[in-house]
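Coordinate inspection notes
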Amino acid sequence: MKRSSLIYQKSYRFALVMFSLAFALSATGLYASDLSDAETLRDKCDREIAELQVPAKNFGDQADLGKLDEGAGLIKLGKVKLLQSKYLEASASFNKYLALQQGLYKSLAEKYMARAEKMADDIAVELVDSKDPKVAEYLKLANQNLKDAKGEMLSERYKNAIKLCRVSKNYSLAAFKAAGKPVPEEYRKDASDNENRIAQ
């Protein structure tokens, strides 16, 4: 009886050690996964906010710029939580930024759409009598990209809508060059933006 009891105790202790070891390994795996997720989100947010700087600073209003600052604060907070090994809190902060960014892109895309449409209309009126066939071709391409941008807006792909608005504006500006006319000063900001530069 004593011998069986001793065997039972040894078996129990062995099982307890193995369980503890398995739990520790599992916890370590989860810990590493949380770290990896947070780092991936951090890198994504850094890339995204860098890309957002130009459209926000060129065509955003005060509310948009305020959201940009708020987003930068969320990313910084996420980085602090990452340094403190609070990986879940870091990921939460980064995801808050990504949600905020979607709303900011929507606001900016609406402004890009309005500006690109006005440019396409105004430039078409000014250049419609040009004899150069390239002018008509560029004006048509400007309108086609506007239509594509509207489709992206409806699908809530606001970043893509901005890219297509830039392509549309680029064709509108190219029509001036094809007509042998300089780009008017009022469109200098658009020319800089199309090159992904902050207008001076």
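Structural notes, computed from the coordinates.

Conventions we followed
- Residues numbered from 1 in each chain as written.
- Predicted model: local features only at pLDDT ≥ 70, side-chain atom pairs only at ≥ 80, totals over all residues.
- Heavy atoms only, no water.
- Helix = DSSP H or I, 4+ residues; strand = E, 2+ residues; numbered from the N terminus.
- Buried < 20%, exposed > 50% of the residue type's maximum accessible area, 1.4 Å probe, protein only.
- Contact = heavy atoms within 4.5 Å.
- Areas by Shrake-Rupley, 256 points an atom, 1.4 Å probe, with all protein chains shown as cover.
- Axes fitted to C-alpha atoms, helices over the stretch in contact; angles between N-to-C directions.
- Parallel < 35°, antiparallel > 145°, perpendicular 65-115°, else oblique.
- Left-handed = near helix turned anticlockwise from the far one by under 90°.
- Nonpolar A, V, L, I, M, F, W, Y, C, P; charged D, E, K, R; others polar.
- Expected span 1.5 Å × (residues − 1).
- Arc of directions from axis to C-beta.
- Polar contact = N/O pair within 3.5 Å; in protein donor to acceptor, adjacent residues only side chain to side chain.

Considering the overall build of the protein
Per the secondary structure count, the protein includes six helices and zero strands. Starting at the N terminus and ending at the C terminus, the protein contains elements arranged as α-α-α-α-α-α. Expressed as a percentage of its 200 residues, the buried residues of the protein come to 33%. Sequence separation of 24 or more characterises 75% of the internal contacts of the protein that already satisfy a separation of 6 or more. Here the protein has roughly 12,400 Å² of accessible surface; of this, 57% comes from carbon and sulfur atoms.

What to know about the packing of helix 2 (residues 62–83) against helix 3 (residues 87–127)
Two elements in contact, helix 2 and helix 3, have axes separated by 8 Å at closest approach and are oriented at 165°. In terms of orientation, helix 2 and helix 3 fall into the roughly antiparallel class. Crossing handedness for the pair helix 2 and helix 3: left-handed. Taken together, the residues of helix 3 that come into contact with helix 2 (itself represented by D64, K67, L68, E70, G71, L74, I75, L77, G78, K79, K81 and L82) are Y87, E89, A90, S93, F94, K96, Y97, L100, L104, S107, L108 and K111. A breakdown of the residues in the contact of helix 2 with helix 3 according to their chemical character gives twelve nonpolar, four polar and eight charged.

A look at helix 4 (residues 133–154)
In this model helix 4 runs 32 Å from its N-terminal to its C-terminal C-alpha over 22 residues, within 8% of the 32 Å that 1.5 Å per residue would give. Taken together, the buried positions of helix 4 are V135, L139, A142, N145, L146, A149, E152 and M153. For helix 4, the angular spread of the buried residues around the axis is 130°, confining them to a single face. Summarising the geometry of helix 4, the exposed residues directed more than 90 degrees from the buried face are P133, K140, K147 and L154. Structurally, helix 4 contributes buried residues whose contacts are with helix 3 and helix 5 (158–178). Where helix 4 begins, the side chain of D132 points an oxygen toward the backbone nitrogen of K134, at a separation of 2.8 Å. One or two steps after helix 4, the chain reaches E156, where phi turns positive at roughly 60°.

Overview of unusual backbone geometry
In this structure, S85 is a non-glycine residue whose phi angle is positive, near 60°. Looking at where S85 falls in the secondary structure, it is placed in the loop between helix 2 and helix 3. One non-glycine residue, N196, lies in the positive phi region at around 60°. Structurally, N196 can be placed in the segment after helix 6 (188–194). Judged by its relative accessible area of 43%, N196 is partly exposed.

The analysis is restricted to geometry; functional conclusions fall outside its scope.
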